[in-house]
Amino acid sequence: MRFRAKIVDLACLNHFSRIINTIAKLAKTCILRLTVCKLYFILSDKVANGGASMWCELSQGNFFDEFQMEGVAAEHNEIYLELMPENLSRALKTSQSAKAVKIKLTNKHCPCLRVAVELPSLSSSSRIVTHDIPVGVIPRRMWNDFREPSVPDFDVSIYLPVLKTMKSVVERMKNLSNFIVIEANLNGEMNLKIETDLVSVTTHFKDLGNPPWASEDGCQSSAQGRDLESMAEACIDIKKLQQLLAGQQVNPTKALCNIVRKRIVHFILLQEEVSLQYFIPAIA
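Definitions and limits used
- Residues numbered from 1 in each chain as written.
- Predicted model: local features only at pLDDT ≥ 70, side-chain atom pairs only at ≥ 80, totals over all residues.
- Heavy atoms only, no water.
- Domains from an automatic or database assignment.
- Contact = heavy atoms within 4.5 Å.
- Buried area = accessible area lost by both parts, 1.4 Å probe.
- Helix = DSSP H or I, 4+ residues; strand = E, 2+ residues; numbered from the N terminus.
- Salt bridge = Lys/Arg side-chain N within 4 Å of Asp/Glu carboxyl O.
- Buried < 20%, exposed > 50% of the residue type's maximum accessible area, 1.4 Å probe, protein only.
- 1 Å grid on protein atoms, 1.4 Å probe; cavity = no way out; pocket = protein on both sides within 12 Å on 5 of 7 lines; lining within 4 Å.
- Points joined across faces, edges and corners; volume = space filled by probe spheres on them.

Enquirer: Explanation requested: the domain arrangement of the chain in the structure shown.
Expert: Often, the extent of an interface is quoted as the loss of accessible area upon association of its parts. Along its sequence, the chain is organised into domain 1 (2–145) and domain 2 (156–216 + 226–281). Between the C-alpha centres of domain 1 and domain 2 there is a distance of 29 Å. Taken together, the contact between domain 1 and domain 2 spans 20 residues of the former and 17 residues of the latter. When the two sides are added together, the surface that domain 1 and domain 2 hide from each other amounts to roughly 1,700 Å², 59% of it contributed by carbon and sulfur. Of all the elements in the fold, those that place two or more residues in the side of domain 1 that touches domain 2 are α1 (10–26) and β4 (53–59).

What follows is the structure in structure tokens.
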């Protein structure tokens with residue numbers, strides 16, 4: 001089992017670093033799945049236990065100048081590692097002016113991802129700062145626990161408002177309640193609501209637009225006969241939503257959410273080379 005990679009392009013390096021920062025805000029520990037073409041960061045708190053789950057996918061070719069890996073076996077050419085993304089984020093913080101960053105899987109005293117940051121120096125030799133990040137190697141028999149979550153049959157799919165705006169609304173609401181109701185319809189309207197014994201606050205967004213699959217997809221054909229105005233809602237933990245919005249450094253070109261009435265809210269943030277899915281279960 002071997003893995004080594006190198007990033008030389010500074011823009012790619014900074015972009016990669018921002019993605020890791022975002023993931024570190026969403027997950028204390030996560031699984032890094034390495035394949036020949038892609039990297040995946042996976043958080044699979046069991047949704048049944050009220051935990052959120054995350055699936056972030058990047059194409060390695062858009063970030064790495066060199067990328068070599070040999071998986072567990074020829075027919076299972078993948079590696080699954082458990083790590084704390086905060087450690088990786090910290091290691092990459094020193095890389096903002098780096099000439100190159102090398103990442104390598106090592107196993108001296110325990111398995112580690114070694115991040116070697118080559119910094120420019122005034123002399124002819126460059127300085128190299130090395131971080132060893134402990135990782136756990138996930139055995140083959142447990143890989144099935146980290147498959148891509150299936151997208152549930154949603155009642156409504158809608159584009160999100162500007163994330164910065166949404167973030168400031170949610171931050172103000174967070175001081176009033178631990179829970180927030182997200183509701184949306186097939187007419188491009190979405191409301192964020194808080195209701196407590198003392199206060200009831202609603203923020204309305206309209207003309208957001210609904211993704212094309214909301215009506216075209218075969219499994220969504222039931223939407224055809226449905227009232228476009230009728231709202232689907234789910235009540236979720238406001239802290240989990242705030243974490244997602246506060247950690248956003250990916251600046252997605254598209255951001256949308258699917259609501260399964262009273263069951264789950266599924267967020268999808270897309271940029272050309274990155275997709276991040278985040279699932280927050282509803283609170284009964």
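Enquirer: Any chance you could explain the pattern of salt bridges here in plain terms?
Expert: When their charged atoms lie close together, side chains carrying opposite charge are able to pair. Under the definition given, this model contains ten salt bridges. Across the salt bridge formed by Lys-38 and Glu-57, the nearest N and O atoms sit 2.7 Å from each other. Placement of the pair is Lys-38 in strand β3 (residues 38–44) and Glu-57 in strand β4, with a sequence separation of 19 residues. On the basis of relative accessible area, Lys-38 is assigned to the partly exposed category, the value being 26%. As a salt-bridge pair, Lys-99 and Glu-118 come within 3.8 Å of each other at their nearest N and O atoms. Placement of the pair is Lys-99 in the loop between α2 (85–93) and β7 (100–107) and Glu-118 in strand β8 (residues 111–119), with a sequence separation of 19 residues. Under the relative-accessibility criterion, Lys-99 is labelled partly exposed at 40%. Using a relative accessible area of 21% as the deciding quantity, one classes Glu-118 as partly exposed.

Enquirer: What am I meant to see in empty space enclosed by the protein here?
Expert: Any space left empty among the atoms is revealed by the rolling of a water-sized probe across them. Scanning the entire structure with this criterion turns up one cavity of 30 Å³ or more. Volume-wise, the largest cavity comes out at about 60 Å³. In terms of lining, the largest cavity is formed by Phe-3, Phe-16, Leu-32, Leu-34, Leu-39, Phe-41, Phe-64, Leu-88, Ile-103 and Leu-113. Elements represented by at least two residues in the lining of the largest cavity include exactly β2 (30–34) and β3.

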